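# Understanding the architecture of this molecule
Residue strings, one per chain:
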Amino acid sequence: MRARSHRSFALAALIRAAILRTQFPRVAIIFFPRRATLRVCSFAALAMAFCVATACVAVACIGVAAAQDMRNPKIASVPVDWSEAVAQLDSGTEPSPRSIERLNQAADTLFAKIAASPVPVLLPFNGAQLLRDAAAGLPYAAATYLIDVRPPAFFQAGPGGYDAVFSIYARELPGSDLLYSDRIDVHISGSALLYELDEPTGIVHWPVNGGLGADFPGIKRVYLESSARYIFTRYGVPYVVSIECHDGGMRFHKISCRDADRVAIRFLRSLQVAGGTPHLQTGPAQPGVITADTIDRPQAQSPTFTYHSPGDLLPGSGMRGHSGRADYTVYSKIRFPLAEAPAFANSQSFNHWGDCDQTGRVSLGALGKTALYRCRVNEQLLVADESVNYAYPWRDNFCEHRYFFVGDCPSGLGHQGQDIRPSSCAQRIEGANRCEPYQHDVVAARDGIVLRAPGEIALYIVTNTTNERVRFRYLHMYPKYLDQDQILSGRVVHEGEVIGKVGNYQRRERATTYHLHFDMQVPTKYGWVFVNPYMSLVGAYERTIQGRGRELLLDGTPMVTGAALSGAILPGAALPGSALPASALPASVLPGSTLPRASLPSSALPSPTLPAPGAAFNVIPAIPAPAANPIEIEIELGSLNRFTSDTAGYARQRSND
């Protein structure tokens, strides 16, 4: 049984009651010592009351805006000229149609399943010399043909192309005078398919150094999403070499972009064909369109699940006055990354207990012993209690205020992914207002291979199929547990497999709220770029709960869709929300539009013992289908069972180190 803060539930109940009372004056919400009764009318009556209160007719009340349809991604195949690649391999030896086959066999000990790539695999590996030595009958070991690098930390080849990551130390490079002492990860990828996106916002084009233009005609050097990238085409295939760096010196444990450039030039000059298989090319002779059917929505309507449109951020929470981008693309038909439902996608920075992401807080007093505040960038009233966030509707926060480079956001800066809270919040100490970590399982969104070094907070799962190539990133799980479970580079995982537990790790434990950060990257002609995972998550969640969600208009009312139920629609504001609007507080606390430092009297909270917020969530939104007569929903607060996660019994003990 989970310990929950009585005060947290009371606060959540007051918030929801205030929202309902503000939007629907005719809805009575009555609290009794051991019982709370919510008397509501039918869906039709609620809609009529809403229309009367806003002086509109029923049709106008429902609205005429229609939700946009989810979209499949646009993916193009790449034609490959293998004849040139094979000719280079045969240079200095007798031409042989089996040269690439022999090379694949020899290189497979270093680069597992390298033959699965339909494009020539370029690596710092002297494959031509290996073939010459083999033809001369000389003994050989594949690792000795690597050029200035160790065996790769990560390698994956498949129908979509290949990816490799080499970990390099400057002190191990012959003749290097670089002073950077930490690990330098050099990524290289060759793509058989490309996701067609607009040019990313904030991309910086730099001149090419080192005289590379002669060896790589048309090569480009850019800075995008915190990485220096060299982009070139060979054999008709787009290749990208990238190194994460900081432009302006060695900061944040990142190599400077100037030094990264020197490493990249050396790496590029060492690239040779290491393998691949010509007949595996699945694309047409000319560039063509790849069919990726990523949309699979249930027909039945969920009675509770609601979500704001993609790009509709919390007011004021965007970067530089921008909101998000309305991207309805479902980039992958993923398995929802949390093992159980319900789950709640909303901001961990601009919702309750959030830090406002360095934009500053304005204190508004206290609600009992709980601090009341708002972020300086908006009027959203917040409380210092993260357990209040466990409610619908969902909200996109891909382009929310963060100082991360995101080319798919209007300002070029943003969050890079989506915050997701699990089904419930367990508190270690009653009234702590903090959720205990490691209570809920995290699962693999797709079949793929893990990309993660020991001790790293970031966990990638990379998938590579004939019509899909995506990198999924998970954050805030405890790195020590991931290491113990061998969630490290090269491990194969399958969709739905448990890979960890939701945490609150950010350089240390309990440094953020209890949530999972989830994001997605896809290969483009600019290399791997972040794309908004929001609609992919909506689709996955709908399949998990077997019910289609309702997309909300800006005013909180549902959009009209072809799958909408007939009759009136219950406005979204009647459902429990994660936001505390100014109207939720009495007029005496908020006179006019001012936001004084004020406290709600403790008498405003019900005195009896109350169950967890999750219990109220399970009851309040589950309003039955429209009926002819008013419906009375009675909540027996003394007898409701608390939420218990199926995985709680297997939760790890909190580590002291």
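The structure displayed is predicted, hence computed values, not measured ones. (Residues numbered from 1 in each chain as written. Predicted model: local features only at pLDDT ≥ 70, side-chain atom pairs only at ≥ 80, totals over all residues. Heavy atoms only, no water.)

This part takes up the pairing of strand β12 (residues 237-244). Of all eight residues that make up β12, seven are buried, and the element is covered over most of its length. Here strand β7 (residues 184-191) pairs with β12 via five bridges, running antiparallel. From the neighbouring strand, S189 faces β12, where its bridge partner is V240. (Buried < 20%, exposed > 50% of the residue type's maximum accessible area, 1.4 Å probe, protein only. Helix = DSSP H or I, 4+ residues; strand = E, 2+ residues; numbered from the N terminus. Pairing = 2+ DSSP bridges.)

Looking at helix α5 (residues 99-107), one finds that the buried residues are S99, I100, L103, N104, A106 and A107. Buried residues of α5 fall within an arc of 165° about the axis and therefore sit on the same side. Packing partners of the buried residues in α5 comprise α4 (82-89), α6 (127-135) and β13 (272-275). (Arc of directions from axis to C-beta. Contact = heavy atoms within 4.5 Å.)

Here we take up the pairing of strand β11 (residues 227-234). Most of β11 is tucked away: seven of the eight residues are buried. Following strand β10 (residues 220-224), the chain reverses through two residues before pairing antiparallel with β11; E225 in that reversal takes a positive phi of roughly 50°. Pairing of β11 with β12 involves eight bridges; the strand directions are antiparallel. Its bridge partner being in β12, T233 is matched across the sheet by P238. Here β11 hands over to β12 after two residues, with Y235 in that stretch at a positive phi of 60°.

All right, on to the environment of V330 then. Checked against the element boundaries, V330 lands in the loop between β15 (301-308) and β16 (344-345). With a relative accessible area of 3%, V330 lands in the buried category. Remark: the alpha-carbon pair of V330 and S536, spanning 206 residues in sequence, is separated by 4.5 Å. Beyond its immediate sequence surroundings of up to four residues, V330 is in contact with M70, R71, N72, P73, T294, I295, M535 and S536.

Here we come to the packing of aromatic side chains. Following the criterion strictly, the structure yields 26 aromatic pairs and no others. Judged by centre distance (5.5 Å) and plane angle (55°), the rings of F111 and F155 are tilted. Pair noted here: F111 is in the loop between α5 and β4 (121-123) and F155 is in strand β5 (residues 154-158), with a separation of 44 residues, a long-range link. Assessed through its relative accessible area of 0%, F111 is described here as buried. (Phe/Tyr/Trp six-rings, centres within 6.5 Å; stacked < 30°, edge-to-face > 60°.)

Once that is clear, we can look at the sheet that holds strand β18 (residues 370-375). On the basis of which strands lie adjacent, the open sheet formed by three strands has the order β17-β18-β19 and antiparallel pairing. Among the strands making up the open sheet, the edge pair consists of β17 (361-367) and β19 (381-383). Neighbour-to-neighbour, the strand axes of the sheet open up by a mean angle of 30°, direction not taken into account. Bridge analysis of β17 against β18 gives five bridges, and the strand direction is antiparallel. Across the sheet, residue R361 finds its bridge partner in β18, namely C375. (Axes fitted to C-alpha atoms, helices over the stretch in contact; angles between N-to-C directions.)

Within the largest apolar cluster, 61 residues are counted, with the highest numbers of intra-cluster contacts made by F111, L123, F125 and Y162. Element by element, the count of residues in this core is highest for helix α7 (residues 257-269), at seven residues. The next biggest cluster of nonpolar side chains, apart from the first, holds 57 residues, and it includes V442, V450, L459 and V538. (Core = buried A, V, L, I, M, F, W, Y, C linked by side-chain atoms within 4.5 Å.)

Along the chain, T463 turns up in strand β25 (residues 459-464). Taking the relative accessible area as the measure of exposure, T463 reaches 3% and is therefore buried. A distance of 3.1 Å separates the side chain of T463 from the backbone oxygen of D447, its partner in a polar contact. Excluding its chain neighbours within four sequence positions, the residues that come into contact with T463 are Q156, R446, D447, G448, E468, R469, V470 and F472. (Polar contact = N/O pair within 3.5 Å; in protein donor to acceptor, adjacent residues only side chain to side chain.)

This brings us to the confidence of the model for the chain. On average, the chain scores 78 in pLDDT, and the residues at 70 or more come to 71%. This model gives residues 1-10 a pLDDT under 50, and the stretch forms 49 contacts once residues within four places in sequence are excluded. Between residues 560-657, whose pLDDT stays under 50, and residues either more than four places distant or in other chains, the model counts 231 contacts. (pLDDT = per-residue confidence, 0-100.)

Before going further, it helps to examine the state of the cysteines. Following the criterion strictly, the structure yields four disulfides and no others. The partner cysteine of C245 in its disulfide is C257, sulfur to sulfur 2.1 Å. Negative torsions about the S-S bond denote left-handed disulfides, and the value of about 85° found for C245 with C257 makes this one right-handed. Placement of the pair is C245 in the loop between β12 and α7 and C257 in helix α7, with a sequence separation of twelve residues. Classification of C245 as buried rests on a relative accessible area of 1%. The partner cysteine of C356 in its disulfide is C375, sulfur to sulfur 2.0 Å. Here the disulfide of C356 and C375 is left-handed, its torsion about the S-S bond being about -80°. In this pair, C356 is assigned in the loop between β16 and β17 and C375 in strand β18, connecting sequence segments 19 residues apart. (Disulfide = S-S within 2.5 Å.)

So, on to the pattern of salt bridges. Taken as a whole, this structure holds 27 salt bridges when the rule is applied. With a shortest N-O distance of 3.7 Å, R262 and D259 are connected by a salt bridge. Taken together, the residues span about one helical turn, with R262 and D259 both in helix α7 at a distance of three residues. Each member of the salt-bridge network shares a partner with another, and the members are D177, D259 and R262. (Salt bridge = Lys/Arg side-chain N within 4 Å of Asp/Glu carboxyl O.)

This paragraph deals with the side chain of R221. Following the sequence through the fold, R221 ends up in strand β10. Accessibility expressed as a relative area gives 10% for R221, which makes it buried. Within polar-contact distance, the side chain of R221 engages the backbone oxygen of P207 at 2.7 Å. With near-sequence residues (within four places) excluded, R221 lies in contact with V204, H205, W206, P207, V208, N209, R229, Y230 and D261.

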